[in-house]
Amino acid sequence: MRKILKYIKDFFTSEKIEVNSTLERLKEGNLYFTSYMLHAAPVSNIEKVREMAALGQDPHAVIVTCSDARISPERIFNAEMGDFFIIRTAGHVVGPYEMGSIEYAVTHSSVDVVIVMGHENCGAVKSCIIDHEGTDLGYIHNILEEVQPSIDKARQETNNDYDLLERAEELNVYHTVAKIKQSKILEPYINSGKLIVIGAKYGIATGEVTFFDDTITCPVVYNKKID
Ligand SMILES: [Zn+2]
């Protein structure tokens, strides 16, 4: 326990952040969160808040995740305000505004990890499985259009509804990762090893974040350009 507390104390305070070490710290932070969920540390530290107000922000990780209200990235990784640059949309879909935000964070701060974090029972993914024939979906339509290729691919793999949702959620994460990796601005950072873009899934009930194998190529074929 003391060792973990010491680790957490030093969590985001070391001078030099190596590639991968940010990711390792996030994994440790999530371990702490799942072990001591009821006693999670506050996400704001007044001295740090004042320092950031004076000196500006310098996040270490970009978190691209769903807008679902049950997800709180700082809490999940036992981090603080100022640690993450966060992009949130229903189903963590990314388009021009989100891509620009990620590119800005990587080129203007110490970010060396971009995590695309899906989650269990994602309403955006579930919604794609439901028949919306005859319903005016407004802009929700744009979100479903982004998620649909992951549903289609998952349907090719399974007929079971539960497995379909789980697999589609996973594929939707791979899809967003692949899209982010298309960025010409991020390309040199990724190729030189300065930046990792990795998928993950958050367990709503357990608080646990499972990281994906970042060597797997996105199984979803999706040719739509980011426009
Ligand atoms: Zn969701």
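Data block above holds the structure.
Residues numbered from 1 in each chain as written. Predicted model: local features only at pLDDT ≥ 70, side-chain atom pairs only at ≥ 80, totals over all residues.

Visitor: Lay out the sheet that holds strand β5 (residues 209-211) with the relevant residues and their values.
Guide: Pairing in this open sheet of 5 strands is mixed, and the strands run β2-β1-β3-β4-β5 from one edge to the other. Looking at the sheet topology across the chains shown, the edges are occupied by β2 (84-88) and β5. Here the strands of the sheet are splayed against their neighbours by 25° on average, with no regard to which way each runs. Summarising the sheet, strand β4 (residues 196-202) and β5 pair through 3 bridges and their orientation is antiparallel. Following the sheet pairing, Ala200 is matched in β5 by Phe211. (Pairing = 2+ DSSP bridges. Helix = DSSP H or I, 4+ residues; strand = E, 2+ residues; numbered from the N terminus. Axes fitted to C-alpha atoms, helices over the stretch in contact; angles between N-to-C directions.)

Visitor: Account for the nonpolar core, with residues named and values stated.
Guide: Grouped together as the largest cluster of nonpolar side chains are 49 residues, with contacts concentrated most on Val62, Val64, Val114 and Ile115. Considering each element in turn, this core owes the most residues, 7 residues, to helix α8 (residues 161-181). (Core = buried A, V, L, I, M, F, W, Y, C linked by C-beta atoms within 7 Å. Buried ≥ 20, exposed ≤ 12 C-beta atoms within 10 Å, placed from the backbone.)

Visitor: Before we move on, could you go through the packing of helix α7 (residues 140-157) against α8 and cite the residues and values that matter?
Guide: For the pair α7 and α8, the least separation of the axes is 8 Å and the interaxial angle reads 130°. Considered as vectors, α7 and α8 are oriented oblique to each other. Here α7 runs over α8; the crossing is right-handed. Residue-level inspection shows Val147, Pro149, Ser150, Ile151, Lys153, Ala154, Arg155 and Glu157 of α7 in contact with α8, the latter providing Leu164, Arg167, Ala168, Leu171, Asn172 and His175. Residue composition of the contact of α7 with α8, by class: 7 nonpolar, 3 polar and 4 charged. (Parallel < 35°, antiparallel > 145°, perpendicular 65-115°, else oblique. Left-handed = near helix turned anticlockwise from the far one by under 90°. Contact = placed C-beta atoms within 7 Å. Nonpolar A, V, L, I, M, F, W, Y, C, P; charged D, E, K, R; others polar.)

Visitor: Could you give me a rundown of unusual backbone geometry, with the residues and numbers involved?
Guide: Most peptide bonds take the trans form, and the phi angle of most residues other than glycine is negative. Unusually for a residue other than glycine, His92 sits at a positive phi of about 40°. Among the residues examined, His92 registers 30 C-beta atoms within 10 Å and is labelled buried. Even without being a glycine, Asn121 presents a positive backbone phi close to 55°. Within the secondary structure, Asn121 is located in the loop between β3 (113-119) and α6 (123-129).

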